[in-house]
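A closer look at the structure
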Amino acid sequence: MRNPSDLQVRFRTGVVYTAVTVICVLAGNIPMVVMLMAVAGICAGEFFYMLRSDAKLPNEMLGIIAAVLYPLSVYVAGLVGAMLVSLALLLALLVWYVFWLRARIPDVGVSFFGAAYTGLLLCGLIVIRVSLPAPWGGICVLLLFLSVWANDAFAYLVGSKIGKHKLAPRTSPKKSWEGFIAGLVGAVVFWCLMTLVPGVSMSIPQAIVFGIISGCMGVLGDLAESRIKRNSGFKDSGTIMPGHGGLLDRSDSLFLTSITAAILLVVGGCIPYAIF
């Protein structure tokens, strides 16, 4: 246990992160909502910290509060709740912009984007969870988490071994097309397992298509966060997860994947959810 290697530190942190996520997701609606609120708040803080180094002046307090409230609002009032939080955030930012003369329009935009990026996008997990009775809603959400992790793991393992063709050399030089395809395969496997969850009306062909789409969105989210870090001059978004960096580094793929999965499942008629 003394003087652990970087790989050991990374492994231990990953085990703790995975265990906490699985426990909160399976424990019930409230524990999962609380977990997502904490994730949104921490990720928003890391996001705004990086943007300050990029000559931006976001309103961190309003952005973090809104990010934390998004999952709770969707759980309590559905999409109407998300609309109310968005409206309240916009009005608060306008008041801040009018009375704090140092604030610029880009600062208002960054503040709103940061809250929506780290909080609103995670609400897709709430939609999926509440659409199905216990314990199947939690199991479906857990399978979605596993699809994200499999996407990352397969992409890393295959890309590090045989990856030769760069996917986005200027944004993330280590990513390859070989790893990208392997990651999609990993995501599709767990989407196919979702077809076995009671209450989910999804065929295998649908699962394959949805898995590919959500996998692509996960990679896009990863690349977007890499671009933000590169523009801000950061290697990691934070230090809260030793060996991994910040929580935003671990959640970047989850943001777009969660909202994309919710839209696909609801619009595709795979889960019963009343939009309004």
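Residues numbered from 1 in each chain as written. Predicted model: local features only at pLDDT ≥ 70, side-chain atom pairs only at ≥ 80, totals over all residues. Heavy atoms only, no water.

1. Some points on the overall build of the chain
Operational definition: Strands are runs of DSSP state E lasting at least 2 residues, helices are runs of H or I lasting at least 4, and numbering of each runs from the N terminus. We compute the radius of gyration from the C-alpha atoms alone; for a globule the expected value is 2.2 Å times N to the 0.38, where N is the number of residues. When checking whether two residues touch, look at their non-hydrogen atoms; a contact exists if any pair is within 4.5 Å. Note on areas: Shrake-Rupley, 1.4 Å probe, and residue coverage restricted to the protein chains presented here. When charges are tallied, Lys and Arg are placed among the positive residues and Asp and Glu among the negative ones, while His and the ends of the chain are skipped. A charged residue contributes its charge at one atom only: NZ of Lys, CZ of Arg, CG of Asp or CD of Glu.
Counting its secondary structure elements, the chain contains 9 helices and 2 strands. Its helices and strands in sequence order give the chain the pattern α-α-α-α-α-α-β-β-α-α-α, from N to C terminus. Over its C-alpha trace the chain gives a radius of gyration of 19 Å, about what one expects of a compact globule, namely 19 Å for 276 residues. Seen through its C-alpha atoms, the chain measures out along the principal axes to roughly 55 × 45 × 40 Å. Put simply, 69% of the contacts in the chain that link residues at least 6 apart link residues at least 24 apart. As displayed, the chain has an accessible area near 13500 Å², and 72% of this comes from carbon and sulfur atoms. Across the chain, the 19 positively charged side chains and the 12 negatively charged ones have centroids separated by 4 Å.

2. With respect to a nonpolar patch on the surface
Selection criterion: Patches were defined on residues exceeding 30% relative accessible area and lacking a salt bridge, with like-charge contacts within 9 Å and nonpolar side-chain contacts (Val, Leu, Ile, Met, Phe, Trp, Tyr) within 5 Å. Here a salt bridge means any side-chain nitrogen of Lys or Arg lying within 4 Å of a carboxyl oxygen belonging to Asp or Glu.
A surface patch of nonpolar side chains, amounting to about 550 Å² of accessible area, comprises Phe154, Ile181, Val185, Val189, Leu193 and Leu196. For Leu193, the location among the structural elements is in helix H7 (residues 177–194).

3. Some words on the nonpolar core
Note the threshold: Each nonpolar core is a collection of buried residues, namely Ala, Val, Leu, Ile, Met, Phe, Trp, Tyr and Cys, held together in the definition by side-chain atoms within 4.5 Å. With a 1.4 Å probe rolled over the protein chains alone, any residue whose accessible area is under 20% of its type maximum counts as buried; one over 50% counts as exposed, and the rest are partly exposed.
If you look at the biggest cluster of nonpolar residues, it comprises 69 residues, and the most contacted ones within it are Leu125, Ile128, Trp191 and Met202. Take this core: its biggest share by element is 13 residues, from helix H2 (residues 29–52). Leave out the neighbours within four places in its chain, and Ile128 touches Gly137, Cys140, Val141, Leu144, Ala261, Ala262, Leu265 and Ile271. Among the nonpolar cores identified, the runner-up in size contains 6 residues, and Ala168, Leu184, Val219 and Leu223 belong to it.

4. Considering the confidence of the model for the chain
Which entries qualify depends on this criterion: One confidence number per residue, pLDDT, is output by the predictor and ranges from 0 to 100.
Taken as a whole, the chain shows an average pLDDT of 91; of its residues, 96% reach a score of 70 or greater. Mean pLDDT in the chain bottoms out at strand E2 (residues 172–176), which sits at 82, and peaks at helix H3 (residues 60–99), which reaches 96.

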